[in-house]
Amino acid sequence: MFSWLRSQPDETIVFLARPKHAFPSRHQLTYVFSLWTLRQRVVALIAAVVFVVATPWTFGRWYTNATVVIPQHGGSYTEGMVGSPEYINPLLSPLSDVDSDLVRLLFSSLFQYSQNGELQPDLVTEYSISEDQLTYTFTVRQDAKWHDGEPVTVDDMLFTVESIQDPVFQSPLQSSLDGVTATRIDDTHFSLKLAQPYAPFLTTLTFGIIPQHLWYDVPGQNVRFTELNTHPIGSGPYAFSQLTRDSTGAIKSVEIKEYEDYYGAKPFIPKFTAVFFPESALAQEALRSKKVDGIAFVPADAVQEIRKKEGDVNITNLKIPQYTALFFNQVANKQLQDPAVRLALATAINRDDIIAQVFNGAAEPIFTPILPGYLGYNPEVDKHLTDIDASNKTLEDAGWKFPEGVTADQTIDDEHPYTPRAKNNVNLEFTVSTVDTPEYRKTLEIIQQACYRIGVKMNIAIFSAEDIQNQVIKPRHYEGLLFSEIVGTDPDPYPFWHSSQQKHPGLALAIFRDKEADALLQDARKTNNAEERRLAYLHFQNNLASSLPAIFLYNSLYSYAVDDSVQGIPEEQYITVPSDRFASIASWYMKSKRIWK
């Protein structure tokens, strides 16, 4: 029959295909293509393909617009950190980023910074300030519990303050509470009374609170040796679960889990594991091999490489109030006591070269310890801009001469070590210590080359993150130190520059004495008058520019990398310290679902 139909004229076929019903039967539809021309068939085929492709796309777009993604509880996040925890204790942690990161997740504080960089109450619900600006009265929240189930009380607040003030405890926070008297009012209120007004006082109360019932019986001399430093009990969103050690006893990882009785917004990610690496390159390799979901800090030279090779990794750049400087210990090196030497070094270093070669331009030059935008910032301070000729003349005039027949332009290799200037048979030479990161290494290499051009031999000593704290910074065993300081949200330079803070556990890294600088810092702390503080800080910066106890270099961004399986991380965030990146931890998630709008 099929052959007969094919032999009939088109009119006959059409007549025979005339439907008895409104729509052709399946049998009749089999002859449709035989009626179409080749062009019609091609058009039909294209239309069918478009229909097949467009339908799910159109439906998917409609579904996406009609629904919204909501985070779900679940997942496990692992972050690589450089260094090793030593004191997961808020009273001892400020000197270590690793310790501070864990403390931020495990402990609550009187106040904390939000993801927008705003200071907000945490363990307190209300506060008031007396008219004389000396007494601060706080109301403590009643729904906070320690991770062992005990309630957080007023007595815990008072105990924490008194522990910080105790010299035996050796807390780096001690200077921030000098002269402060803590008083219990009742079960829900306490007060802190200052010896003199200090406008940014509330910003100092972001340290974690420790439980009195666990720490009370720990003798002061044993504070640094108790197991509580590595098996902490806090009251934050996460609680300590377990840790692992390697064959040498060093902590390899710390696992923490969500705390079900946490009073605040609970995290969507129930498990957080911190894995520790001795250097940044190993942490980056762990990210590439998917052994970790994120790394706490990405050196500037690695940012572009990670973006290029790791398409499923997001790099977040955070603005952080910090500066990197070359600090001088004038007690440890007599050559650095010569003002001419420090001035020559200042005018030899080219900040633009450092920013271009180390950060690909993603940093800004810094000339004072008070950053742009802060109260008292002095844009007119003497910047000692790069001038190699002036540097050489400064040293010549000060009596630092090259040996006969030697110049700055000399061959330097294994057979020809560098010969520096000398004075009274003493070579112009010093050593700069720093932590082992690509950023610091490259920065010092650039500075070293600048020193060679003016007749100064600068040696470089590299230490691990752990050793730089224990062997170098704590005992102040360095001649020069390349390091970064985080100044917080208030410009108060006292903790970093007053001479009383030049011994551990103080934070001052430039070792020098200047009575005028000390007086200016003390006066600025005594007044709530913004103009008086501003003027004191202007004079203080001019003092530093004149005496040059350090050379301020740059302010870089804090970059960290997280796998794109982790969502909810703000694209823009202002932080005061690196651990504040966890201010938004309650919004991070790895599981989600869609619901109708």
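Refer to the structure above for everything that follows.
A few points on the structure. These numbers were taken from a predicted model, which means no experiment stands behind them.

**Focus: the overall build of the protein chain**
The helix and strand tally for the protein chain stands at 18 helices and 23 strands. In summary, the protein chain has a C-alpha radius of gyration of 33 Å against a globular reference of 25 Å for 597 residues, an excess of more than 25%. In terms of principal-axis extent, the alpha carbons of the protein chain reach across some 120 × 75 × 55 Å. Counting all 597 residues of the protein chain, 49% fall into the buried class. Across the protein chain, every contact between residues at least 6 apart in sequence was considered, and the portion connecting residues at least 24 apart equals 69%. Element-wise, carbon and sulfur atoms account for 53% of the exposed surface of the protein chain, whose accessible area totals about 28900 Å². Taking the average place of the 51 positive charges on the side chains of the protein chain and the average place of its 72 negative ones, the gap between the two points comes to 9 Å.

**Observations regarding the pattern of salt bridges**
Applying the stated criterion across every chain, the model contains 20 salt bridges. For Arg288, the salt bridge goes to Glu305, with nearest N and O atoms at 3.4 Å. A residue pair is termed long-range when its members are at least 10 positions apart, and Arg288 in helix H9 (residues 280-288) and Glu305 in helix H10 (residues 300-309) qualify at 17 residues. Looking at Arg288, the relative accessible area reads 25%, which means it is partly exposed. In this structure, Glu396 and Lys401 form a salt bridge, with 3.0 Å as the shortest nitrogen-oxygen distance.

**Section: empty space enclosed by the protein**
Considering all chains together, one arrives at two cavities of 30 Å³ or more under this definition. Here the largest cavity defines a volume of roughly 130 Å³. As for the largest cavity, its lining consists of 16 residues, and the residues nearest its centre are Phe367, His384, Leu548, Ala550 and Phe552. For the lining of the largest cavity, the secondary-structure elements that each account for two or more residues are helix H18 (530-547) and strand E21 (550-556). Split by residue class, the lining of the largest cavity holds ten nonpolar, three polar and three charged. Considered as a void within the structure, the second largest cavity measures approximately 40 Å³ in volume. Ile88, Asn89, Phe107, Ile210, Trp215, Leu228, Pro232 and Ile233 together form the lining of the second largest cavity. Tallied by class, residues from the lining of the second largest cavity come to seven nonpolar, one polar and no charged.

**Here we look at H9**
Turning to H9, its buried residues are Ser280, Ala283, Gln284, Ala286 and Leu287. An end-on view of H9 places all buried positions within 155° of arc, on one side of the element. Considering only its buried residues, H9 is in contact with strand E2 (76-82), strand E11 (271-277), strand E12 (294-295), H10, strand E13 (313-318) and strand E22 (558-563). Count one or two residues on from H9 and you reach Lys290, which has phi positive near 65°.

**A short note on the sheet that holds E13**
What holds strands together in a sheet is hydrogen bonding between their backbones, with the strands either parallel or antiparallel. Strand order in the open sheet made by the seven strands is E9-E10-E11-E2-E12-E22-E13, with mixed pairing throughout. Strands with a single pairing partner mark the edges of an open sheet, and in this sheet they are strand E9 (238-245) and E13. Looking at chain direction, E12 and E22 are connected through two bridges and run antiparallel. Within E22, the position partnered with Gly294 by the bridge is Val562. Sitting on the sheet, H10 is in contact with E12, E13 and E22, with an inclination near 150° to E13.

**A few points about the pairing of strand E20 (residues 480-486)**
Regular strands place their side chains on alternate faces of the sheet. Judged by how many residues are buried, E20 sits mostly within the fold: six of seven residues are covered. As defined by bridge partners, strand E14 (residues 322-328) adjoins E20 across seven bridges and the pair is classed as antiparallel. Paired with Ala325 across the bridge in E20 is Phe483. Here strand E18 (residues 429-435) pairs with E20 via two bridges, running parallel. Opposite Ser433, over in E20, you have Leu481 as the bridge partner.

**Comments concerning unusual backbone geometry**
Note that the residue after His504, namely Pro505, is joined by a cis bond; omega there is 15°. Note that Pro505 resides in the loop between helix H16 (494-497) and helix H17 (515-526).

**A word on the packing of H17 against H18**
For the pair H17 and H18, interaxial distance at closest approach is 9 Å and the crossing angle is 160°. As judged from the angle between their axes, H17 and H18 are roughly antiparallel. Along this stretch, H17 crosses H18, giving a crossing that reads as left-handed. On H18, the residues that touch Glu516, Ala517, Leu520, Leu521 and Ala524 of H17 are Arg533, Ala536, Tyr537, His539, Phe540 and Asn543.

**Examining the packing of aromatic side chains**
This model, assessed by the stated rule, comprises 22 aromatic pairs. Ring centres of Phe159 and Tyr216 lie 6.4 Å apart, and the angle between their planes is 50°; on these two criteria the pair is classed as tilted. Within this pair, whereas Phe159 is found in helix H7 (residues 154-165), its partner Tyr216 is found in the loop between helix H8 (212-215) and E9, the two being separated by 57 residues in sequence. Its relative accessible area of 12% is what places Phe159 among the buried residues. A residue is classified by how much of its surface remains accessible, and Tyr216, at 57% relative accessible area, is exposed. Each residue in the set Tyr77, Tyr238, Phe272, Phe582 and Trp588 is aromatic and connected to the rest through ring pairs, giving one cluster.

**A short note on the side chain of Thr576**
Structurally, Thr576 can be placed in the loop between E22 and strand E23 (591-596). On the basis of relative accessibility, which here comes to 8%, the residue Thr576 falls in the buried class. Within polar-contact distance, the side chain of Thr576 engages the side chain of Asp580 at 2.3 Å. Setting aside residues up to four positions removed in sequence, Thr576 forms contacts with Tyr113, Ile320, Pro321, Ile486, Gly488 and Thr489.

Rules used in this analysis
Residues numbered from 1 in each chain as written. Predicted model: local features only at pLDDT ≥ 70, side-chain atom pairs only at ≥ 80, totals over all residues. Heavy atoms only, no water. Helix = DSSP H or I, 4+ residues; strand = E, 2+ residues; numbered from the N terminus. Rg over C-alpha atoms; globule rule 2.2 N^0.38 Å. Buried < 20%, exposed > 50% of the residue type's maximum accessible area, 1.4 Å probe, protein only. Contact = heavy atoms within 4.5 Å. Areas by Shrake-Rupley, 256 points an atom, 1.4 Å probe, with all protein chains shown as cover. Lys, Arg positive; Asp, Glu negative; His and termini not counted. Charge placed at Lys NZ, Arg CZ, Asp CG, Glu CD. Salt bridge = Lys/Arg side-chain N within 4 Å of Asp/Glu carboxyl O. 1 Å grid on protein atoms, 1.4 Å probe; cavity = no way out; pocket = protein on both sides within 12 Å on 5 of 7 lines; lining within 4 Å. Points joined across faces, edges and corners; volume = space filled by probe spheres on them. Nonpolar A, V, L, I, M, F, W, Y, C, P; charged D, E, K, R; others polar. Arc of directions from axis to C-beta. Pairing = 2+ DSSP bridges. Axes fitted to C-alpha atoms, helices over the stretch in contact; angles between N-to-C directions. Parallel < 35°, antiparallel > 145°, perpendicular 65-115°, else oblique. Left-handed = near helix turned anticlockwise from the far one by under 90°. Phe/Tyr/Trp six-rings, centres within 6.5 Å; stacked < 30°, edge-to-face > 60°. Polar contact = N/O pair within 3.5 Å; in protein donor to acceptor, adjacent residues only side chain to side chain.

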